Amino acid sequence: MRENKENDARYDLIVIGGGPAGLTAAIYAVRSGLNTLLIEKGICGGFLNEIPRIENYPGFKQISGMELASRLKEHAADYVEIREIEEVLRLSQHRGSNQKSSDSFSSSADFIVQTTKQSYVAKALIICTGTRHRKLGVVGEDEFLGKGVSYCATCDGFFFKNKRVIVVGGGDSAATQALFLKNMGCDVTIVHRRDSLRAGKYLQRMIDRAEIPILWNSEVKEIKGSDRVECVVITERGNEREIPVDGVFVAIGEVPNSELASHLNIECDDSGYIVTDRNQRTNVERVYAAGDVSGGVRQVIVACAEGAVAAMSAYEDITSEP
Ligand code: NAP
């Protein structure tokens, strides 16, 4: 483990991840007086940028995810220093020379955050690294990524106007993406491995109303083509057939981006989500997690709320240390 150097930039709090949870955490942290930095490996907004339409974020009857992300970032940037396109590679904890040598770290030990650009020192961390798309894991999925395979209807739907596409999955994401693609003018079919959708009733009614066909009890086994996707191999109750398609939108859930947790022995559950208490504290002192990476109800409003709670916990813990 590297020691922190004198010239490492120092903060009270570093927020890792610039989605709704991280941006809200940063606003609350700075407003309570914590010297805070937010680091985001891409651009702020996270998955919010991929949501075509949000109708359940209070105060906005209807807003696109990208618009909400941009408003959140603009708001947060009034308070906090945001570093985008900078990835956190390594987290460690530094025991200062005035701290006793022991196997467990002192509660006042600082954290070292090593990124692709430099390293920082912080008294506390909030991890808001979100999730990434779950993959189907079938032949052709990686090969045709960007050539007919997509995980984001908002980003890529336009290229499939008037074309045949399938959306794989039965949850809210699959329903939302299918509706977006239909609206875009695509010839869309949902392919779902069960005989009923997991998506909310409201979305199910919209799927019915839009007359989007659903292939029930069906699984994609392979994605085929030459330069681009041309067809998918589907099995339905043991029967295999090929369906010609131009696009495959995969919407089968998420997996947490919690790899950094292992650097500090932060507890995760069996699915890899970071375990927190109701105040977003992890098992490691002065490390918090908020938003999708900590599991639970996956909604923008929840991510924001958890970010606020995490920031208040960090403030409480930092200011109560002797
Ligand atoms: P999800 O609710 O976990 O649904 C994933 C879907 O994909 C399920 O239908 C699942 O099938 C299917 N699936 C999983 N692995 C598969 C595989 N290997 N092959 C084929 N199908 C597979 O995920 P989500 O739709 O991304 O939603 C995640 C969370 O975000 C939910 O809490 C949801 O409410 C929220 N969300 C909300 C909104 C909204 O409020 N409008 C929009 C998007 C997402 P089974 O049903 O068989 O398990």
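Residues numbered from 1 in each chain as written. Predicted model: local features only at pLDDT ≥ 70, side-chain atom pairs only at ≥ 80, totals over all residues. Heavy atoms only, no water.

### Thoughts on the overall build of the protein
Line of reasoning, step 1. For the protein, the helix and strand inventory stands at six helices and 17 strands.
Line of reasoning, step 2. For 322 residues, the compact-globule estimate of 2.2 N^0.38 gives 20 Å, and the C-alpha radius of gyration of the protein, at 22 Å, lies within 12% of that figure.
Line of reasoning, step 3. If one aligns the C-alpha atoms of the protein with their principal axes, the spans along those axes are about 70 × 40 × 30 Å.
Line of reasoning, step 4. Partitioning the intrachain contacts of the protein with sequence separation of at least 6 by distance along the chain shows that 62% fall at a separation of at least 24.
Line of reasoning, step 5. When the accessible area of the protein is evaluated, it comes to approximately 16300 Å², of which 47% is carbon and sulfur surface.
Line of reasoning, step 6. Treating the 38 positive side-chain charges of the protein as one cloud and the 45 negative ones as another, the clouds have centres 3 Å apart. (Helix = DSSP H or I, 4+ residues; strand = E, 2+ residues; numbered from the N terminus. Rg over C-alpha atoms; globule rule 2.2 N^0.38 Å. Contact = heavy atoms within 4.5 Å. Areas by Shrake-Rupley, 256 points an atom, 1.4 Å probe, with all protein chains shown as cover. Lys, Arg positive; Asp, Glu negative; His and termini not counted. Charge placed at Lys NZ, Arg CZ, Asp CG, Glu CD.)

### Overview of helix H2 (residues 65–77)
Line of reasoning, step 1. Counted at 1.5 Å a residue, the expected span for H2 with its 13 residues is 18 Å, and the 18 Å between its end C-alpha atoms agrees.
Line of reasoning, step 2. Looking at H2, one finds that the buried residues are Gly65, Leu68, Ala69, Leu72 and Ala76. Projected down its long axis, H2 carries its buried residues within an arc of 100 degrees, all on one side.
Line of reasoning, step 3. Considering only its buried residues, H2 is in contact with helix H1 (20–31), strand S3 (81–83) and helix H6 (300–320). (Expected span 1.5 Å × (residues − 1). Buried < 20%, exposed > 50% of the residue type's maximum accessible area, 1.4 Å probe, protein only. Arc of directions from axis to C-beta.)

### Observations regarding the state of the cysteines
Line of reasoning, step 1. As enumerated under the stated definition, the model contains one disulfide in all.
Line of reasoning, step 2. Each sulfur in the disulfide pair Cys152 and Cys155 lies 2.0 Å from the other. Taking the sign of the S-S torsion, 80 degrees for the link of Cys152 and Cys155, the bridge is right-handed.
Line of reasoning, step 3. Assessed through its relative accessible area of 41%, Cys155 is described here as partly exposed.
Line of reasoning, step 4. No disulfide involves Cys44; its nearest neighbouring cysteine sulfur is the one of Cys128, lying 11 Å away.
Line of reasoning, step 5. The buried category is assigned to Cys44, whose relative accessible area is 6%. (Disulfide = S-S within 2.5 Å.)

### Digging into the nonpolar core
Line of reasoning, step 1. Within the largest apolar cluster, 32 residues are counted, with the highest numbers of intra-cluster contacts made by Leu13, Val15, Leu48, Ile54, Leu68, Ile126 and Val300.
Line of reasoning, step 2. Take this core: its biggest share by element is seven residues, from H6.
Line of reasoning, step 3. When residues no more than four places from it in sequence are discounted, the contact partners of Ile54 are Leu48, Phe60, Lys61, Gln62, Ile63, Gly65, Leu68 and Val300.
Line of reasoning, step 4. Among the nonpolar cores identified, the runner-up in size contains 22 residues, and Val113, Leu260, Ala261 and Val287 belong to it. (Core = buried A, V, L, I, M, F, W, Y, C linked by side-chain atoms within 4.5 Å.)

### Focus: H1
For an α-helix, 3.6 residues make a turn, and residues three or four places apart therefore share a direction.
Line of reasoning, step 1. Helix length check: H1 (12 residues) gives 17 Å between terminal C-alpha atoms against 16 Å at 1.5 Å per residue, within 8%.
Line of reasoning, step 2. Burial within H1 is extensive, with nine of its 12 residues counted as buried.
Line of reasoning, step 3. Of all the positions in H1, only Pro20, Ala21, Gly22, Leu23, Thr24, Ala25, Ala26, Ile27 and Ala29 are classed as buried.
Line of reasoning, step 4. At its buried positions, H1 is contacted by strand S1 (9–16), strand S2 (36–39), H2, S3, strand S6 (119–127) and H6.

### Quick notes on a nonpolar patch on the surface
Line of reasoning, step 1. There is a patch of nonpolar side chains on the surface, built from Tyr28, Met312 and Tyr315 and spanning about 260 Å² of accessible area.
Line of reasoning, step 2. On the secondary structure map, Met312 appears in helix H6. (Patch = residues over 30% accessible without salt bridge, like charges linked within 9 Å, V, L, I, M, F, W, Y side chains within 5 Å. Salt bridge = Lys/Arg side-chain N within 4 Å of Asp/Glu carboxyl O.)

### Details of the domain arrangement of the protein
Line of reasoning, step 1. Taken domain by domain, the protein comprises domain 1 (4–132 + 254–320) and domain 2 (135–250).
Line of reasoning, step 2. Of note, the centres of domain 1 and domain 2, computed from C-alpha atoms alone, are 33 Å apart.
Line of reasoning, step 3. Taken together, the contact between domain 1 and domain 2 spans seven residues of the former and nine residues of the latter.
Line of reasoning, step 4. Roughly 540 Å² of surface becomes buried between domain 1 and domain 2 when both sides are summed, with 56% attributable to carbon and sulfur atoms.
Line of reasoning, step 5. Taken together, domain 1 and domain 2 are joined by zero salt bridges.
Line of reasoning, step 6. Across the domain 1-domain 2 interface, the total number found is one residue pair in polar contact (both at pLDDT 80 or more).
Line of reasoning, step 7. In the side of domain 1 that touches domain 2, the residues fall into two nonpolar, one polar and four charged. (Domains from an automatic or database assignment. Buried area = accessible area lost by both parts, 1.4 Å probe. Polar contact = N/O pair within 3.5 Å; in protein donor to acceptor, adjacent residues only side chain to side chain. Nonpolar A, V, L, I, M, F, W, Y, C, P; charged D, E, K, R; others polar.)

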